[in-house]
Amino acid sequence: MKPPTFLPQEGHPSPTPGAAAANEKPAQDLSPRLLAASQDATLPAATRQLLQQAANGLTTLARAVEEQRLRYRNLFDAVPDPVSILAEDGTVLDLNRAGMQAYRMSRAEVVGQNINMLNPELPRDHMVPVWETLKRGGTYVIEVTNRRADGSRFPVEVHSANMSFDGRKCLVAVARDLSSRQEAELRYRELMEAIDKGIVVHAANGDIVYCNSAAMRILGFHEGQDSSALQLEQWRFVDAGGHEIQQHDLPVYRALRTGKVVDSELVGMYHRHDRQLLWLSVTAVPQFEPGTATPSRATTLFSDVTELKRDSTLFDRAQALAHIGGWEWDVAPDRMYLTDEALRILGTRQPLLNRQQFLACLLPDERPRLCAAINQVRAGAPAFDMEVQGRRDDGQPFWIRVIGEAEPGDLGTSRVTGTLQDISADKLAEESLRLRARTDPLTGLMNRDAVLTELGARLAAASDEEMAVLYIDLDRFKMVNDLLGHSAGDELLVQAAERIRAAVAQRGMIARFGGDEFLVVCNCAREPDLPERLAQSVLDAFTPTFHVGKDEFPITASIGIARSPGHALRPQQLIQNADVAMYESKHRARNGWQHFTSELAQQQQDRLHIETQLRRAVDNEEFRLVYQPQVDLKHGRVIAAEALIRWQSRQLGELRPDVFINHAENTGDIVRIGSWVLREACRQIAQWRDAGMGLVRVAVNVSYRQFAGDDLPKRVRALLQEFNLPGSALELEFTERVLIEDAPATLRIFADLRALGIVLTIDDFGEGYSALNYLRRLPIHGLKLSQLFTEGVPHNRSDVAVCKAVAAIAHSLGLGLVAEGVESEAQRQFLLELGVPVGQGFLFSPGLPADDFARRLALPLASMT
């Protein structure tokens, strides 16, 4: 048989059988005759030579044809799958060795027969679609069942392609035995059906092409139900945190999109119709066809972890609240699930199977509250947290704290879940603490906090009614306490409390306010003179001597009376005013009572309140700084600022510096306050710089106590380093007192400060000592002309003379000069003519908050004048 010649591809001509491919037998018969003729001597030599060459060529051609035939046969038989060559009508022209083995027939039994012999089920026109596909340049693939010589069948997948065979239009068909593959697929499907994990196979577009029985069972469908029930549109999906997952972000779609395995991802599936939420642990595995880089399908494996998710959620909540019990209500079947700890807390002997049984554990008044809270959560409200009372099966009452919320990710609120905490012991302790917190343990009277709370409530409830507070202090109690000891003092306090209780009776509320101080609160709307009568009753009750052991003591009381709303509206202020009146009574003559007056308030607030609150002001962050611009008097340009302290007391409100600075000097608090001012000014300078305003020099007043008592250079150096500031950003202003106190130490401190680059100024020059001898020796930079002198210019001759003198001193010593208190244009013109270059005062601006100063700094020059 001649070897085949395959049809040509585009651009490549096909070899054609012709002279070079002539039949083998004619070539073999002709060659000996040509060789014999070449030996015929009668023929011309040239003819004989041609005949010889022709004989040799035919021999070579025959040998080549045989080699090509053998090569074709070897290749044809080497193919491991059955291969047949078919004529255009389906006649078998050739069959390889694998085909003979597969069909168990010889080549002679098959060649010349129609292909129907091997596959009787093929229709008569089965070659039509084959040739239509091949004409379009494609390869025809079909799965059929072929027959062996003994009649047995086996499945094959046939691939057909065009070819030329002996110059004829033919096709080559390669049949691959599918028996092993189908057997493997069958075993694979049996394995997937036997596995208890859900398995779903998706096509490349995401459509479901297969799911095993475990998947149907887990997802809530019966076996044999239409797989359309599994379509993704029937479900909503959420992640572990309860956030909705879009379809393209599901594990299977990510596996198809990325070609990577998505391993063990927690997915919640909420069925839209059944309103049920399942939690699955999902793994998606992409699958590839041989030779491809894009997944052709993906297999999803999943397990139902709903129970584990529920237990885990409950356990996490219990862990967060110290192992308390957990509960869950499954809405649709009305099924309650409670942990063992929850059942123990509720003290029930029977399991609680539904919500009604759960609510029955509570007191009747509490059931509607909890039921309403649960229903609100179902309606979309946030989690609830409430305390309710109940009674256990053994009759013991209990208090529980109930927290509940919709399960995260449960889009239809099909479950409400939460925790139970037994707070019975806490409630008992809380009530005991409440009573103890309101009671003075020594006397059994109300204590300070209780009376403040009660007085506040009464003032708020009866703002239009007159209330009075009696502040009672025992005279000479300290003497008894120091002489006989605290036990005797306590006994005396108990006796005093009994006498006050007897004197007041039901006419007022009594409290021990602290130490040997007592309060009586009464309503005097109907009895205006009740406070005075109560005060006198208390004084009368103290007339008999007190007995402590064998000792006898005359103890009297000093009482202050304050009324609301006339004297105060707030509890603290009302008590404070009564305290002021009590001190006045004690100061005048003990064993008496005194009404509060506004004059007393003024005196006492200045002496006591300011000093007391001043000590706490720094810690309470009640101070603030304002910044008064220092202005070039000629051009109106802001060149610096002076930091001025302001105090907004929580107790006293806004206080002027001239009210509290003297108190701070007297108590020594000025040192701590001055340190705060220095630090705050440096912080603000740095903040302005960082905001792009450049470096604004700020002047800070330094008291003599701060100058003498603190290591001022060391502290200033540390502040400059902390805020990364040059010394030139800070100006320190000192009073004239530094000119005469400890001159060597003063010179050293000034030298150290000047070495840091600090600008040094003597404030209010001319008001104080004006020690000119020391002035010329100090390494200072300037003087500040006091407002006492600038306020009288240009009309007051004495002020004009002082201003001229100070200006002359400054000019002669080469010092700068700043005028304070510039409030009029006439003053500015006078100072300019005097040669004073810089001024500050209300003509330009008062002290400004930092933000306002920053905005003022950005204004045009004209706006400052």
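Above this note sits the structure.
Residues numbered from 1 in each chain as written. Predicted model: local features only at pLDDT ≥ 70, side-chain atom pairs only at ≥ 80, totals over all residues. Heavy atoms only, no water.

Regarding the overall build of the protein chain
Now for step 1: Check the secondary structure of the protein chain and you find 29 helices and 33 strands.
Now for step 2: Out of the 865 residues in the protein chain, the part that is buried amounts to 46%.
Now for step 3: Sequence separation of at least 24 residues holds for 57% of the intrachain contacts in the protein chain that already meet a minimum separation of 6. (Helix = DSSP H or I, 4+ residues; strand = E, 2+ residues; numbered from the N terminus. Buried < 20%, exposed > 50% of the residue type's maximum accessible area, 1.4 Å probe, protein only. Contact = heavy atoms within 4.5 Å.)

Examining the pattern of salt bridges
Now for step 1: Scanning the model with the defined rule gives 33 salt bridges in all.
Now for step 2: Of the charged contacts in the structure, one is a salt bridge between Glu366 and Arg369, with a shortest N-O distance of 2.4 Å.
Now for step 3: Relative accessible area serves as the criterion here: at 9%, Glu366 is assigned to the buried category.
Now for step 4: A salt bridge links Asp475 to Lys586; the shortest N-O distance between them is 2.6 Å. With Asp475 in the loop between β18 (467-474) and α15 (477-484) and Lys586 in helix α18 (residues 571-588), this residue pair connects regions lying 111 residues apart in the sequence. Exposure class is identical for Asp475 and Lys586. Each is buried.
Now for step 5: Via salt bridges that share partners, Glu642, Glu733, Lys784 and Glu820 belong to a single interconnected network. (Salt bridge = Lys/Arg side-chain N within 4 Å of Asp/Glu carboxyl O.)

Notes on the side chain of Ser564
Now for step 1: With respect to the helices, strands and loops of the structure, Ser564 is situated in strand β23 (residues 557-564).
Now for step 2: Among the polar contacts made by the side chain of Ser564, one reaches the main-chain carbonyl oxygen of Ala568 at a distance of 2.8 Å.
Now for step 3: Contact partners of Ser564, with chain neighbours within four places excluded, come to Leu459, Glu465, Glu466, Met467, Leu569 and Leu574. (Polar contact = N/O pair within 3.5 Å; in protein donor to acceptor, adjacent residues only side chain to side chain.)

What about the sheet that holds strand β1 (residues 83-86)?
Now for step 1: Read across the sheet, five strands follow the order β2-β1-β5-β4-β3 without closing on themselves; strand pairing throughout is antiparallel. Taken across any chain shown, the strands that pair with only one partner, and hence form the sheet edges, are β2 (92-95) and β3 (140-147). Shown here is a sheet whose adjacent strand axes are inclined to one another by a mean of 30°, direction ignored.
Now for step 2: With eight bridges connecting them, β3 and strand β4 (residues 153-165) associate as antiparallel partners. Bridge pairing links Asn146 to Phe154 in β4.
Now for step 3: Relative to the sheet, helix α5 (residues 127-135) contacts β3, β4 and β5 (168-177), its axis offset from that of β5 by approximately 105°. (Pairing = 2+ DSSP bridges. Axes fitted to C-alpha atoms, helices over the stretch in contact; angles between N-to-C directions.)

Some details on the layout of surface pockets
Now for step 1: Empty space within the largest pocket amounts to approximately 1500 Å³.
Now for step 2: Contributing to the lining of the largest pocket are 43 residues, with Pro657, Ile661, Asn701, Asp763 and Asp764 lying nearest its centre.
Now for step 3: Looking at the lining of the largest pocket, the elements that each hand over two or more residues are β26 (638-649), α20 (657-667), α21 (669-690), β28 (698-702), α22 (704-709), β30 (759-765) and α26 (787-790).
Now for step 4: Here the lining of the largest pocket is composed, by residue class, of 15 nonpolar, 14 polar and 14 charged. (1 Å grid on protein atoms, 1.4 Å probe; cavity = no way out; pocket = protein on both sides within 12 Å on 5 of 7 lines; lining within 4 Å. Points joined across faces, edges and corners; volume = space filled by probe spheres on them. Nonpolar A, V, L, I, M, F, W, Y, C, P; charged D, E, K, R; others polar.)

Some words on the sheet that holds strand β13 (residues 325-330)
Now for step 1: Spatial strand order, β14-β13-β17-β16-β15: five strands in an open sheet with antiparallel pairing. Unpaired on one side and paired on the other, β14 (335-338) and β15 (384-391) mark the two borders of the sheet. Adjacent strand axes in the sheet meet at a mean angle of 25°, parallel and antiparallel pairs treated alike.
Now for step 2: The sheet contact formed by β13 and strand β17 (residues 415-422) spans six bridges and is antiparallel. Among the inter-strand pairings, Trp327 is bridged to a residue of β17, identified as Gly418.
Now for step 3: Sitting on the sheet, helix α12 (residues 367-378) is in contact with β13, β15, β16 (397-406) and β17, with an inclination near 150° to β15.

Looking at α20
Now for step 1: Turning to α20, its buried residues are Phe660, His663 and Ala664. For α20, the angular spread of buried residues about the axis comes to 100°, placing them on one side. For α20, the exposed residues set more than 90 degrees away from the buried face come down to Asp658, Asn662 and Asn666.
Now for step 2: One or two steps after α20, the chain reaches Gly668, where phi turns positive at roughly 90°. (Arc of directions from axis to C-beta.)

Brief notes about the pairing of strand β8 (residues 235-238)
Across a regular strand the side chains alternate sides, sitting on one face of the sheet and then on the other.
Now for step 1: As paired elements, β8 and strand β10 (residues 262-271) share four bridges and run antiparallel to each other. Residue pairing for β10: Trp235 is matched across the bridge by His271.
Now for step 2: As judged from the two bridges shared by β8 and strand β9 (residues 244-245), these two strands associate in the antiparallel manner. Within β9, the position partnered with Val238 by the bridge is Glu244.

A word on the packing of helix α14 (residues 448-461) against α18
Now for step 1: Two elements in contact, α14 and α18, have axes separated by 9 Å at closest approach and are oriented at 110°. By the angle between their axes, α14 is roughly perpendicular relative to α18. Residue-level contacts link Leu452, Leu455, Gly456 and Leu459 of α14 to Pro571, Gln572, Leu574 and Ile575 of α18.
Now for step 2: The residue makeup of the contact of α14 with α18, split by class, is six nonpolar, two polar and no charged. (Parallel < 35°, antiparallel > 145°, perpendicular 65-115°, else oblique.)

Description of the pairing of strand β25 (residues 623-632)
Now for step 1: Counting buried positions along β25 yields nine of ten residues, so the element is predominantly enclosed.
Now for step 2: Here nine bridges tie β25 to β26, and the two strands are oriented antiparallel to one another. The residue of β26 that forms the bridge with Arg624 is Arg646.

What about the environment of Gly456?
Now for step 1: By the secondary structure assignment, Gly456 is in helix α14.
Now for step 2: On a C-alpha basis, the gap between Gly456 and Arg570 in space is 7.0 Å, while along the polypeptide they are 114 residues apart.

Quick look at the nonpolar core
Now for step 1: Membership of the largest hydrophobic core comes to 75 residues, with the highest contact counts inside it found for Leu732, Phe734 and Leu783.
Now for step 2: With nine residues, the single largest contributor to this core is α21.
Now for step 3: Each residue touching Leu732, except ones within four places of it in the same chain, is listed here: Leu678, Val700, Val702, Leu712, Val716, Leu753, Ile758, Val759, Leu760 and Thr761.
Now for step 4: The next biggest cluster of nonpolar side chains, apart from the first, holds 33 residues, and it includes Phe477, Ile500, Phe518 and Phe542. (Core = buried A, V, L, I, M, F, W, Y, C linked by side-chain atoms within 4.5 Å.)

Quick notes on the packing of aromatic side chains
Now for step 1: Scanning the model with the defined rule gives 15 aromatic pairs in all.
Now for step 2: Relative to Phe513, the ring of Tyr471 has its centre 5.8 Å away and its plane inclined at 75°; by these criteria the two rings are edge-to-face. Of the two residues, Tyr471 sits in strand β18 while Phe513 sits in strand β19 (residues 509-514), which places them 42 residues apart along the sequence.
Now for step 3: Ring geometry for Phe707 and Phe734: centres 5.3 Å apart, planes at 75°, overall edge-to-face. Of this pair, Phe707 sits in helix α22 while Phe734 sits in strand β29 (residues 730-734), and the two are 27 residues apart along the sequence. As far as burial versus exposure is concerned, Phe707 and Phe734 are alike and both buried.
Now for step 4: Ring pairing ties together the aromatic residues Phe623, Trp647, Phe660 and Trp676, which thus form one cluster.
Now for step 5: Its guanidinium or amino end placed over the ring of Trp329, Arg355 lies 4.4 Å from that ring's centre, counting from NZ or CZ.
Now for step 6: Looking at Lys427, its charged tip hangs above the ring of Trp399, at a distance of 4.7 Å from the centre. (Phe/Tyr/Trp six-rings, centres within 6.5 Å; stacked < 30°, edge-to-face > 60°. Lys NZ or Arg CZ within 6 Å of the ring centre and 35° of its normal.)

Section: the packing of α15 against helix α16 (residues 486-504)
Now for step 1: For the pair α15 and α16, the least separation of the axes is 6 Å and the interaxial angle reads 140°. Residues Phe477, Val480, Asn481 and Leu484 of α15 lie in contact with α16, whose contacting residues are His486, Ala488, Gly489, Leu492 and Leu493.
Now for step 2: For the contact of α15 with α16, the residue count by class is six nonpolar, three polar and no charged.

Some remarks on helix α23 (residues 712-722)
Now for step 1: Those residues of α23 lying buried are Leu712, Pro713, Val716, Leu719 and Leu720. Around the axis of α23, the buried residues are gathered within 130° of arc, so they sit on the same side. Set apart from the buried face of α23 by more than 90 degrees, the exposed residues are Lys714 and Gln721.
Now for step 2: One or two residues past the end of α23 sits Asn724, with phi positive at roughly 55°.

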